[in-house]
Amino acid sequence: MKLNTQQLNDLVTQVRRDILRMVHAVNSGHPGGSLGCAEFFVALYQNLMNRKETFDMNGADEDLFFLSNGHISPVFYSVLARSGYFPVAELATFRKLNSRLQGHPTTHEGLPGIRMASGSLGQGLSVAIGAAQAKKLNNDNHLIYSLHGDGELQEGQNWEAIMYASAKKVDNLIATIDLNGKQIDGTTDEVLHMGSLKAKFEAFDWDVLEIKEGNSLEAIISGMNEAKSKTGKGKPVCVLLYTEMGNGVDYMMHTHAWHGKAPNDEQLAKALEQNAVTLGDY
């Protein structure tokens, strides 16, 4: 049963708390991008995807998701746990020795919900395309979703994959780009300006949609449903999702400074004050 709007918003707030507490506990991790994508992950797993309650690596007869920018693992782990893939209490092991919740997701730990290792940027689209083509070969009409950072698109392998997907008419794929305009060394324009991503994807013969309010659950659900309606028509679909890095924590927003930095005790307390507990901390 899908959650109502209030339940979705409560889950987003709790996910933010999880992200902040996980990164603070080990003084390590990437809170900025994780916070910026909280609404997207909640919408994806609680509203948009046709997924099974149980997990197996084959993922037959269900929609699949692949995270390419794996450094935002805190948001992924939180939403997976709170969607029932593994115990919420396990979030307390994030980045600790012998934990299944590594800083970047890995498959050898056998963590439910994780289908690819994504520590190295730029590889997720290739994996997603392979999964999408496997669906077609198996006469499985479900969709493949993937998420990529905008700075990650500076990696060349993405563009080979983008070219391949349209050439081979991989039209059961929705690739979302987290467009926050920031990466670890500054803004994406300062590090390596990429021009119009919309024009680039369209030049590679993709169908492109934009979600301007990428931190609005309603806008995400509406935009992604429109993206779903464009699948099966001979072209892969790209969604440009405009988000704010560090969303929900005032001092983490409008800067790249919190891309990969943990808050101290005082900063954590201030951030948690802005995101009151809703579903219970782990």
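Enquirer: Even after reading the chapter, I still don't get the packing of aromatic side chains, so can you show me in this structure?
Expert: Between two aromatic rings, the relevant description is the distance of the centres plus the angle of the planes. The full count for this structure, using the stated rule, is 13 aromatic pairs. On the basis of an interplanar angle of 55° and a centroid distance of 5.5 Å, the ring pair of Trp159 and Phe204 is categorised as tilted. Of this pair, Trp159 sits in helix α6 (residues 156-167) while Phe204 sits in the loop between α8 (197-203) and β6 (207-211); the two residues are 45 residues apart in sequence, bridging distant segments of the chain. The buried category is assigned to Trp159, whose relative accessible area is 18%. Judged by its relative accessible area of 28%, Phe204 falls in the partly exposed class. Centroid distance Tyr251 to Trp258: 5.4 Å. Interplanar angle 70°. Geometry classified as edge-to-face. These aromatic residues form a ring-pair network of at least three members: Phe40, Phe41, Tyr45, Phe55, Phe65, Phe76 and Tyr85. For Lys212, the ring lying beneath its charged end belongs to Tyr242, and the centroid distance is 4.4 Å.

Enquirer: Hey, could you run me through the pattern of salt bridges in this one?
Expert: Two side chains bearing opposite charge may form a pair once their charged atoms approach each other closely. What the rule picks out here adds up to eleven salt bridges. Taking the shortest distance from any N to any O, the salt bridge between Lys136 and Asp171 comes out at 2.6 Å. Taken together, the residues Lys136 in helix α5 (residues 124-137) and Asp171 in the loop between α6 and β3 (173-179) connect sequence positions 35 residues apart. Residue class for Lys136 comes out partly exposed when judged on its relative accessible area of 39%. Overall, the relative accessible area of 9% leaves Asp171 in the buried class. We note a salt bridge from Glu244 to Lys182, for which the minimum N-O separation is 3.4 Å.

Enquirer: Would you mind showing me how to read the packing of helix α1 (residues 5-26) against helix α9 (residues 217-229) here?
Expert: Each pair of packed helices can be described by the angle between their axes along with the distance between the axes. Put simply, α1 and α9 touch, their axes get as near as 11 Å, and they point 110° apart. Overall, the two elements α1 and α9 adopt an arrangement that is roughly perpendicular. Contact residues: Thr5, Leu8, Asn9 and Val12 in α1; Leu217, Glu218 and Ile221 in α9.

Enquirer: So what exactly am I meant to see when it comes to the environment of Phe41 here?
Expert: Structurally, Phe41 is set in helix α3 (residues 38-48). Of the residues examined, Phe41 reaches a relative accessible area of 0% and is grouped as buried. Sequence separation of Phe41 and Val15 is 26 residues, and the distance between their C-alpha atoms is 9.6 Å. Apart from the residues lying within four places of it in its own chain, the contact partners of Phe41 are Phe65, Leu67, Ile72, Val75, Phe76, Val79 and Leu147.

Enquirer: What exactly am I supposed to notice about α9 here?
Expert: Spacing of three or four residues puts side chains on the same side of an α-helix, whose turn is 3.6 residues. A rise of 1.5 Å per residue sets the reference length of α9, with its 13 residues, at 18 Å; its end C-alpha atoms lie 18 Å apart and thus fit the reference within 8%. Among all positions of α9, only Leu217, Ala219, Ile220, Ile221, Gly223, Met224 and Ala227 are buried. Elements in contact with the buried residues of α9: α1, α3, β2 (144-149), β3, β6 and β7 (237-242).

Enquirer: Teacher, can you tell me more about the sheet that holds β7 here?
Expert: Remark on secondary structure: sheet strands pair via backbone hydrogen bonds, oriented parallel or antiparallel. The strand order β1-β2-β3-β7-β6 describes an open sheet built from five strands, whose pairing is parallel. The outermost strands of the open sheet, each flanked by one partner alone, are β1 (64-67) and β6. Taking each pair of neighbouring strands and ignoring which way they run, the sheet shows an average axis angle of 20°. With four bridges connecting them, β1 and β2 associate as parallel partners.

What counts and how
- Residues numbered from 1 in each chain as written.
- Predicted model: local features only at pLDDT ≥ 70, side-chain atom pairs only at ≥ 80, totals over all residues.
- Heavy atoms only, no water.
- Phe/Tyr/Trp six-rings, centres within 6.5 Å; stacked < 30°, edge-to-face > 60°.
- Helix = DSSP H or I, 4+ residues; strand = E, 2+ residues; numbered from the N terminus.
- Buried < 20%, exposed > 50% of the residue type's maximum accessible area, 1.4 Å probe, protein only.
- Lys NZ or Arg CZ within 6 Å of the ring centre and 35° of its normal.
- Salt bridge = Lys/Arg side-chain N within 4 Å of Asp/Glu carboxyl O.
- Axes fitted to C-alpha atoms, helices over the stretch in contact; angles between N-to-C directions.
- Parallel < 35°, antiparallel > 145°, perpendicular 65-115°, else oblique.
- Contact = heavy atoms within 4.5 Å.
- Expected span 1.5 Å × (residues − 1).
- Pairing = 2+ DSSP bridges.

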